[in-house]
Amino acid sequence: MDLKEYLKNPDKEKLFEKVFGEIKKIQEKFEPFITISEEQAKEHLKSKGSDFLGIPISVKDNLCTKGIKTTAGSKILENYIPPFDATAIEKIKEVGYLIGKTSMDEFGFGTFCMNCAYGIPKNPLDDGRSCGGSSGGAACLTAALDSPHIAIAESTGGSISCPASFCGVAGLTPTYGLVSRYGLVDYASSLDKIGVIAKTCFEIAYGLTKIAGHDERESTSIKTKKIDYTTCLDKDISGLKIGIPKEYFDGVDEEIKNEIWRAIKKFERAGATYEEISLPSTKFALPSYYIIAMSEASTNLAKYCGLRYGSTLKIEGTYNDYFSKVRGKYFGEEVKRRALMGTFYRKAGYRDKYYLKALKVRGHLINEFKEQFKKFDCIVTPTMPMIAPKFTDIAMLSPAQNYAMDILTVAPNLCGLPHLSVPCGKSKGMPVGLHLIGDHLQEEKILQLGSWLEK
Ligand code: GLN
C-alpha cells in the first residue's frame, strides 16, 4: 500500500504493527538502520490525538532526534542523545512517528555507504551491491519496505539522488535554504540540504510540504510562501521545455543512456519539447565541489575534540595530545583524509590557489545554469553514470576514483538547485535513475515531470 491509499482510510494501529513487523526482517537482511526506535514511536503515537495520521518516518542519522541516539554514522558521536528535534523532524512529527535512524557514510562522506562506523546496508535488489551513499540506509529501507513510509534524508553533493537511483526509488533534494538545517549535524554548511526519499512522487511532495518553510533559528532559511507540493502532480506536461546537457552523457554506461533517451522521448510524446544544450564548466564541478566540501567539513569537524563535543578519553598530556588521541581513535579513515585535505586547501598560500578558485568555478556553474533556465523549465540528465556497483568492485577503487563517481550530481548541489531522481527503466536487472534539475524554488516543475514519468 502506498501513502496515498493509506491516507484515504488511515488505520494507525494496524500500520504500526505491520511496519515494525517488516522492519525487523529488513534489518536482519539488509541493515538499513543504526537505531530502531519502536518505544519512542509507540509513545509518540499514544501521546497524539485521534486525528493524528500515524505515518511511519525514518530519519538519516545526521538529523537530531529528541531522545533518540544521533551518531551521524560516526563513533565520535556514539553516545549522543539530542535533547531536541531538528526543525524538519519537529514538523514531520505532526503527521508521523519516527521508526528509526538510518545508516549513512560517516558524516556523509561517501558515495556507496561503505564508510560506515556501524553496519553497511545492502541493496535490497541484489545484496552483493551497494545502496549508494551517503543516505544509503534511507534508500535501502524505502525500497525494501511495503508499508507507506517517508524517509527524511540529506544531500551535500548527491547523497539523496545517488542512493535513490541505485535502489530504484525517488529522491528529492530541495533548493538550498527551503528546508531549515537547524538540528542537522553539518557536513559542509553552504551545501547541505535536507530532503526526502520515498517510493512515489506523491510521498515526496507530501513530505516536502510538511518540512519546507522559514525557520528563525536558521540564518540561511528562505522566506517563501507556503506551497502544497502535492497539487502539482499528474498535471499535463505539454508545453514544458527540457534542456539536455551533452556533457552529462560523457562516460555514462550505454544502457543507462538508452533508458534516459527513452524517457526523454516519452516526455516528447506527451507534448514537452527538448533541445540539446551545453554546460561547458561541468568538467570543473567535481574538483570545485571536493575542495569546497572538504574545506567546510574540516572546519565543521574541529568541534569534535573530546572536550565540548564528542566521545572522550582520559585527559592526559597537552591539549593537542589529547585532541589527537580522541580524533585518532574515533574518526574513520575517510574523515581523517577529508579533515587533512580540507585544512590544506585553506592554508595560507593555498587558499587562493584552491579554495578561492573553487568558489569562482561555483559562480560560473550557477551562471551557466541560470542562463539555461531563462529558456528551459527543467534540465534532464542521468542521475549516476552507472548502476549500483558490487561491493567487491568498490573495494578496488582509489579515493579519487570514488570521488569521480559523483560527477553528475555535484553541480546541481553546488548551485543549490532542486533536483529529483526518479526510477526510469533497468540495466542488467538493476534500476536506472533519471535526474530532473529545476531552477531555484521550482520544485513543482520537477515533481510534475517526475510524477508524469511514474504513470
Ligand atoms: N559523495 C559525496 C561526498 O562524499 C556527496 C555526499 C553527500 O551528499 N553527503 O561528498
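Attention here is on the structure that accompanies the text. (Residues numbered from 1 in each chain as written. Predicted model: local features only at pLDDT ≥ 70, side-chain atom pairs only at ≥ 80, totals over all residues.)

The number of helices and strands found in the protein chain is 16 helices and eleven strands. Rg of the C-alpha trace for the protein chain: 21 Å, near the compact-globule value of 23 Å for 455 residues, within the 12% margin. When each of the 455 residues of the protein chain is scored for burial, the buried share is 54%. Partitioning the intrachain contacts of the protein chain with sequence separation of at least 6 by distance along the chain shows that 77% fall at a separation of at least 24. (Helix = DSSP H or I, 4+ residues; strand = E, 2+ residues; numbered from the N terminus. Rg over C-alpha atoms; globule rule 2.2 N^0.38 Å. Buried ≥ 20, exposed ≤ 12 C-beta atoms within 10 Å, placed from the backbone. Contact = placed C-beta atoms within 7 Å.)

On to the nonpolar core, then. In this structure, Ala139, Ile152, Val196, Ile197 and Cys378 are the most contacted members of the largest nonpolar core, which totals 135 residues. In terms of residue count, the dominant contributor to this core is helix α9 (residues 285-301) (ten residues). Excluding anything up to four places from it in sequence, Cys378 contacts Leu240, Ile242, Leu436, Ile437, Gly438, Lys445, Ile446 and Leu449. (Core = buried A, V, L, I, M, F, W, Y, C linked by C-beta atoms within 7 Å.)

Moving on: unusual backbone geometry. Residue Gly133 is joined to Ser134 through a cis peptide bond whose omega torsion reads 0°. Within the secondary structure, Ser134 is located in the loop between β3 (96-102) and α5 (136-144). Here the phi dihedral of Asp234 falls at roughly 60°; this positive angle occurs in a residue that is not glycine. Following the sequence through the fold, Asp234 ends up in the loop between α7 (201-211) and β7 (241-245). One non-glycine residue, Leu441, lies in positive phi territory at about 65°. Its location among the elements puts Leu441 in the loop between β11 (430-437) and α16 (443-454).

To continue, consider the site of the ligand. Close to the ligand lie 13 residues, the nearest being Gly108, Thr111, Thr156, Gly157 and Ser159. Classifying every residue of the shell around the ligand by side-chain character gives three nonpolar, nine polar and one charged. (Near = placed C-beta within 6 Å. Nonpolar A, V, L, I, M, F, W, Y, C, P; charged D, E, K, R; others polar.)

So, on to the environment of Phe84. Looking at the element boundaries, Phe84 is found in the loop between β2 (55-60) and α4 (87-92). With 13 C-beta atoms packed within 10 Å, Phe84 lands in the partly exposed category. Placed 44 residues apart in sequence, Phe84 and Gly128 show a C-alpha to C-alpha distance of 37 Å. Not counting residues within four places of it along the chain, the set of residues in contact with Phe84 comprises Cys64, Lys66 and Gly183.

The next subject is the packing of α9 against helix α12 (residues 351-373). Put simply, α9 and α12 touch, their axes get as near as 9 Å, and they point 125° apart. Judged by the angle between their axes, α9 and α12 are oblique. Once α9 is placed against α12, the crossing between them reads as left-handed. Of the residues in α12, those in contact with Ala285, Ser288, Ile291, Ile292 and Ser295 of α9 are Tyr354, Tyr355, Ala358, Leu359, Val361, Arg362 and Leu365. Partitioned by chemical class, the residues of the contact of α9 with α12 number nine nonpolar, two polar and one charged. (Axes fitted to C-alpha atoms, helices over the stretch in contact; angles between N-to-C directions. Parallel < 35°, antiparallel > 145°, perpendicular 65-115°, else oblique. Left-handed = near helix turned anticlockwise from the far one by under 90°.)

Attention now goes to the pairing of strand β4 (residues 150-155). Counting buried positions along β4 gives six out of six residues, so the element sits mostly inside the fold. Going residue by residue along β4, you find Ile150, Ile152 and Glu154 tucked away on one face and Ala151, Ala153 and Ser155 tucked away on the opposite face as well. For β2 and β4, the ladder comprises three bridges, and the chain directions are parallel. Each bridged residue has a counterpart across the sheet, and for Ile57 the counterpart in β4 is Ile150. Taken together, the five bridges between β4 and strand β6 (residues 193-198) define a ladder with antiparallel strand orientation. Note that in β6 the partner of Ile152 across the bridge is Val196. (Pairing = 2+ DSSP bridges.)

This part is about α16. In this model α16 runs 17 Å from its N-terminal to its C-terminal C-alpha over twelve residues, within 8% of the 16 Å that 1.5 Å per residue would give. For α16, the tally of buried residues reaches nine of twelve residues, placing the bulk of the element in the interior. Taken together, the buried positions of α16 are Glu443, Lys445, Ile446, Leu447, Gln448, Leu449, Gly450, Ser451 and Trp452. (Expected span 1.5 Å × (residues − 1).)

Relative orientation of the contacting elements α7 and α16 amounts to 155°, with a least axis distance of 9 Å. By the angle between their axes, α7 is roughly antiparallel relative to α16. Contacts between α7 and α16 involve Cys201, Ile204, Ala205 and Leu208 from the first element and Glu443, Leu447, Gly450, Ser451 and Glu454 from the second. When its residues are assigned to classes, the contact of α7 with α16 shows five nonpolar, two polar and two charged.

The subject of this paragraph is the sheet that holds β2. Taking strand neighbours across the sheet as the criterion, the eleven strands line up as β1-β3-β2-β4-β6-β5-β10-β11-β9-β7-β8 in an open arrangement whose pairing is mixed. Looking along the sheet, the strands with just one partner apiece sit at the ends: β1 (33-36) and β8 (273-277). Across the sheet, the axes of successive neighbouring strands diverge by a mean angle of 30°, strand direction being ignored. Along the sheet, α16 makes contact with β5 (170-173), β9 (378-382), β10 (419-427) and β11, crossing β10 at roughly 20°.

Once that is clear, we can look at the environment of Phe30. Position of Phe30 among the secondary structure elements: in helix α2 (residues 12-30). Along the sequence, Phe30 and Glu17 sit 13 residues apart, while their C-alpha atoms lie 20 Å from each other. When neighbours within four sequence positions are excluded, Phe30 is seen to be in contact with Pro121, Lys122, Pro124, Asp127, Cys140 and Ala144.

Let's shift gears to the pairing of β6. Moving residue by residue along a regular strand, the side chains alternate between the two faces of the sheet. In terms of residue burial, β6 counts as a mostly covered element, since six of its six residues are buried. On β6, burial covers both faces: Lys193, Gly195 and Ile197 on one face and Ile194, Val196 and Ala198 on the other are all buried. Looking at chain direction, β5 and β6 are connected through three bridges and run antiparallel. By the bridge assignment, Gly171 is partnered in β6 with Ile197.

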